[in-house]
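Examining the three-dimensional arrangement
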Amino acid sequence: MFRLASFRLAASMRTTAAAVAASAPRLSAASLIRQQQTQPLRWYSAGGALSRDSIQERIFQVLQDFDKVNQEKLTPVATFTKDLGLDSLDTVEVVMAIEEEFSVEIPDDEADKITTVKEAIDYISHRQDAH
Amino acid sequence: MSATRTEILKLYRASLRAARGFETYNFRKYFYRRTRDRFHDTLGRGSELSGQEASQALDSARAELAVMQRQALVNRLFAHNRTVLEADPQYAGGARRAN
């Protein structure tokens, strides 16, 4: 899952790398980019927290990719079991897919508490390390 | 059955995590699919199973979890080149859409 995160970051870092290279003349942009391609980095200083809208959009994307979800009832307040028609095993899968999407690991007891789309959004927005 | 409900979900989560731990794309996808299908076929319809069937299914799921954890570790130790598909970040986690 860190692999995914580093791929995503790599794209945005390439543009920042050019700006850094301009201020540090000894390093050429090309060498920096080469270094980043071989050695994935995470810039903890870059970017801010995820916005609630983007979290919601990505969670919707995860749920849309999940075959068994009743797409017509997909709303921010939908319950996994009642509205989206999932059973408890499916809910585990959805939570795992959300974990993978945001590159976080959700402990068992907290994963059990996530039963609605809203709770998933709330949980991810409280996680500092989600990206 | 209801007493072991949380236990089953816990086992399921651990099994999916173990399946996700394989480095090789094909193994990872296969074990994920297999775990999902097994659980839905047997433990998913818990109330229809007799107590003995359920405990047998649980025991075999536990045994398989141990096998998967061990084999995923071995698979990570001997990881080699990723598939062409995975080299494209768009598909890094499987069949995934670009953001």
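None of these values were measured; they are calculated from a predicted model.

1. Considering the overall build of chain A
Within chain A one finds 6 helices and 0 strands. Listing every helix and strand of chain A by position from the N terminus yields α-α-α-α-α-α. Across the 131 residues that make up chain A, the buried fraction comes to 37%. For chain A, restricting intrachain contacts to residue pairs at least 6 apart in sequence, the fraction spanning at least 24 positions comes to 50%. Carbon and sulfur atoms form 55% of the exposed surface of chain A, whose accessible area is close to 7400 Å².

2. Structural notes on the nonpolar core
Counting residues in each nonpolar core, the largest one holds 26 residues, and the members touching the most others are A:Ile59, A:Leu63, A:Leu84, A:Val117 and A:Ile124. Every element with two or more residues in this core is listed here: α3 (52-65), α4 (88-102) and α6 (117-126) of chain A. Sequence-distant contacts of A:Val117, defined by excluding residues within four places in its chain, comprise A:Ile59, A:Phe60, A:Leu63, A:Thr75, A:Pro76, A:Ala78, A:Phe80 and A:Leu84. The next biggest cluster of nonpolar side chains, apart from the first, holds 18 residues, and it includes A:Met96, B:Ala18, B:Phe22 and B:Phe39.

3. Focus on the packing of helix α1 (residues 5-20) of chain B against helix α2 (residues 25-41) of chain B
All names here are of chain B. The interhelical angle for the contact between α1 and α2, taken along N-to-C directions, is 165°, at an axis separation of 8 Å. One finds that α1 runs roughly antiparallel with respect to α2. In terms of crossing hand, the pair formed by α1 and α2 is right-handed. On α2, the residues that touch Ile8, Leu11, Tyr12, Ser15, Leu16, Ala19 and Arg20 of α1 are Arg28, Phe31, Tyr32, Thr35, Arg36, Phe39 and His40. Considering only residue class, the contact of α1 with α2 consists of 8 nonpolar, 3 polar and 3 charged.

4. Describing the pattern of salt bridges
It is possible for side chains bearing opposite charge to pair when their charged atoms get close. This model, assessed by the stated rule, comprises 16 salt bridges over all chains. Across the pair A:Arg58 and A:Glu101 runs a salt bridge whose closest N-O atoms are separated by 2.9 Å. Here A:Glu101 lies in helix α4 and A:Arg58 lies in helix α3, a separation of 43 residues in the sequence. This pair shows no difference in class: A:Arg58 is buried, exactly as A:Glu101 is. Salt-bridge contacts for B:Arg20 lead to A:Glu100; the nearest nitrogen and oxygen are separated by 3.8 Å. Residue B:Arg20 is located in helix α1, and its partner A:Glu100 is located in helix α4; the two belong to separate chains. Bridged by salt links that share partners, the residues A:Glu99, A:Glu100, A:Glu105, A:Asp108, A:Asp112, B:Arg13, B:Arg17 and B:Arg20 form one connected network.

5. With respect to the UniProt feature "domain: Complex 1 LYR protein" (unreviewed entry) in chain B
The UniProt record marks residues 7-41 of chain B with the feature "domain: Complex 1 LYR protein" (unreviewed entry), using the residue numbering of this structure. For residues 7-41 of chain B, helix accounts for 89% and strand for 0%, while the C-alpha atoms at its two ends are 17 Å apart.

6. Let's talk about the confidence of the model for chain B
Where the model shows low pLDDT, its predicted coordinates should not be examined in detail. Per-residue pLDDT for chain B averages 81, and the proportion of residues at 70 or more is 79%. Here the predicted complex carries an ipTM of 0.77, next to a pTM of 0.70.

7. A look at α1(B)
For α1(B), spanning 16 residues, the distance from its first C-alpha to its last is 23 Å, which sits close to the expected 22 Å at 1.5 Å a residue. Turning to α1(B), its buried residues number three or more, namely B:Ile8, B:Leu9, B:Leu11, B:Tyr12, B:Arg13, B:Ser15, B:Leu16, B:Ala18, B:Ala19 and B:Arg20. Buried residues in α1(B) make contact with α4 and α5 (108-113) of chain A together with α2 and α3 (51-77) of chain B.

8. A closer look at the packing of aromatic side chains
Residue and element names in this part refer to chain B. The tally for this structure, following the rule as stated, stands at 4 aromatic pairs over all chains. Ring plane angle 85° and centroid distance 6.2 Å describe the contact between Phe22 and Phe27, whose orientation is recorded as edge-to-face. Arranged with centres 4.6 Å apart and planes meeting at 10°, the rings of Phe22 and Phe31 form a pair that is stacked. Just as Phe22 is buried, Phe31 falls in that class too. Through successive ring pairs, a cluster of aromatic residues spans Phe22, Phe27, Tyr30 and Phe31.

9. Topic: the packing of α3(A) against α4(A)
Residues and elements named next belong to chain A. Packing of α3 against α4 leaves a shortest axis separation of 10 Å and a crossing angle of 130°. Between α3 and α4, the angle falls in the class oblique. The two elements α3 and α4 meet at a crossing, and its hand is right-handed. Contacts between α3 and α4 involve Ile55, Arg58, Ile59, Val62 and Leu63 from the first element and Val94, Ala97, Ile98, Glu101 and Phe102 from the second.

Procedures and definitions
Residues numbered from 1 in each chain as written. Chains lettered and ligands numbered in written order. Predicted model: local features only at pLDDT ≥ 70, side-chain atom pairs only at ≥ 80, totals over all residues. Heavy atoms only, no water. Helix = DSSP H or I, 4+ residues; strand = E, 2+ residues; numbered from the N terminus. Buried < 20%, exposed > 50% of the residue type's maximum accessible area, 1.4 Å probe, protein only. Contact = heavy atoms within 4.5 Å. Areas by Shrake-Rupley, 256 points an atom, 1.4 Å probe, with all protein chains shown as cover. Core = buried A, V, L, I, M, F, W, Y, C linked by side-chain atoms within 4.5 Å. Axes fitted to C-alpha atoms, helices over the stretch in contact; angles between N-to-C directions. Parallel < 35°, antiparallel > 145°, perpendicular 65-115°, else oblique. Left-handed = near helix turned anticlockwise from the far one by under 90°. Nonpolar A, V, L, I, M, F, W, Y, C, P; charged D, E, K, R; others polar. Salt bridge = Lys/Arg side-chain N within 4 Å of Asp/Glu carboxyl O. UniProt positions renumbered as here; feature names shortened; annotations may be inferred. pLDDT = per-residue confidence, 0-100. Expected span 1.5 Å × (residues − 1). Phe/Tyr/Trp six-rings, centres within 6.5 Å; stacked < 30°, edge-to-face > 60°.

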